[in-house]
Amino acid sequence: MNQPVEAAAFASQADTQITDKKARYSAGVLKYRQMGYWDADYLPKDTDTLCLFRITPQEGVDPVEAAAAVAGESSTATWTVVWTDRLTACDSYRAKAYKVEPVPGMPGQYFAWVAYDIILFEEGSIANMTASLIGNVFSFKPLKAARLEDIRVPVAYVKTFKGPPTGLVVERERLDKFGRPLLGATTKPKLTTRTSTRSPSCTGATASCT
C-alpha cells in the first residue's frame, strides 16, 4: 500500500469507498473518500497527470479526507450526490488521492498526491487542465491553506499540443510591426463601461502603441 503510517491510521478509523451502486448513488451527502476519491492502493499510470499538493486541513478534518476532497473538487465531485453521475464513466473521470504524508518540520501540513486520468482533460488545452486542477481548490472550505507544489504532465498529453498556428514572423507581418516588442493591454474595467467611453480609451491605447 502507498499509505504512510499516519494516513493509514486516519483511514482505518473512517468509512471506505462505497461500492454498492444503490447506496453510492442514493441522494444525500457523502464523504469524499466514500465517493471514491481516495484509493491508497492506486498505482499511477504513465498516462496519468500527477499533482503534489501541500494542504493544511481545517480543525476536525483529517488529512486523508482533505486529500480526497482536493481530488474530488479538482475533478468531478459535487457536494451532494446527483443522478447525472451515472451518465458518464465516472470511475475513470474521478481523480484519485493515493498518498498523504506530513510535511517535515511543519505541523498540521501534509503533502497529498493526486492522480488524474488523461481522459479527464481536453486535448491540447492548458486552460482546461489548469482550470480543473486549481479552479476550485484554493478557496475550498475544508482547507486552511493549499499550494500546488508540482505537476507531472504525461508525455501522451504533451503530444496533443500541436503548437501555435502561426509564428512570430507571421504575426509581425499581419501587424506590419518590426524591430520592437509587440504590446498588448486589457482596458479596465472590462464590465459596466459604455461603448462611448470605452472606444476613446481603446483608441488612445492603440495610438500610444503604434
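Conventions and cut-offs
Residues numbered from 1 in each chain as written. Predicted model: local features only at pLDDT ≥ 70, side-chain atom pairs only at ≥ 80, totals over all residues. Heavy atoms only, no water. Core = buried A, V, L, I, M, F, W, Y, C linked by side-chain atoms within 4.5 Å. Buried < 20%, exposed > 50% of the residue type's maximum accessible area, 1.4 Å probe, protein only. Helix = DSSP H or I, 4+ residues; strand = E, 2+ residues; numbered from the N terminus. Contact = heavy atoms within 4.5 Å. Pairing = 2+ DSSP bridges. Axes fitted to C-alpha atoms, helices over the stretch in contact; angles between N-to-C directions.

Caption draft 1: Quick peek at the nonpolar core. If you look at the biggest cluster of nonpolar residues, it comprises 32 residues, and the most contacted ones within it are Y32, F53, I55 and Y116. Among the elements that make up this core, the one with the highest residue count is helix 3 (residues 63–73) (7 residues). Discounting chain neighbours no more than four positions away, the residues touching Y32 are Y37, E65, A68, A69, G72, E73, A77 and F140. In this structure, Y42, Y98, V103 and W113 belong to the second largest nonpolar core, which totals 8 residues.

Caption draft 2: Representation of unusual backbone geometry in the model. The phi dihedral of D176 is positive, around 55°, even though this residue is not glycine. Within the element layout of this structure, D176 appears in the loop between helix 7 (168–175) and helix 8 (195–209). Classification of D176 by relative accessible area gives exposed; the value is 56%.

Caption draft 3: Region of interest: the sheet that holds strand 4 (residues 143–152). Strand order in this open sheet of 4 strands is 2-3-1-4, and the pairing throughout is antiparallel. The outermost strands of the open sheet, each flanked by one partner alone, are strand 2 (96–102) and strand 4. The mean angle between the axes of side-by-side strands here comes to 25°, regardless of whether they run parallel or antiparallel. One ladder, built from 8 bridges, connects strand 1 (residues 49–57) with strand 4; its direction is antiparallel. Residue pairing for strand 4: P57 is matched across the bridge by L143.

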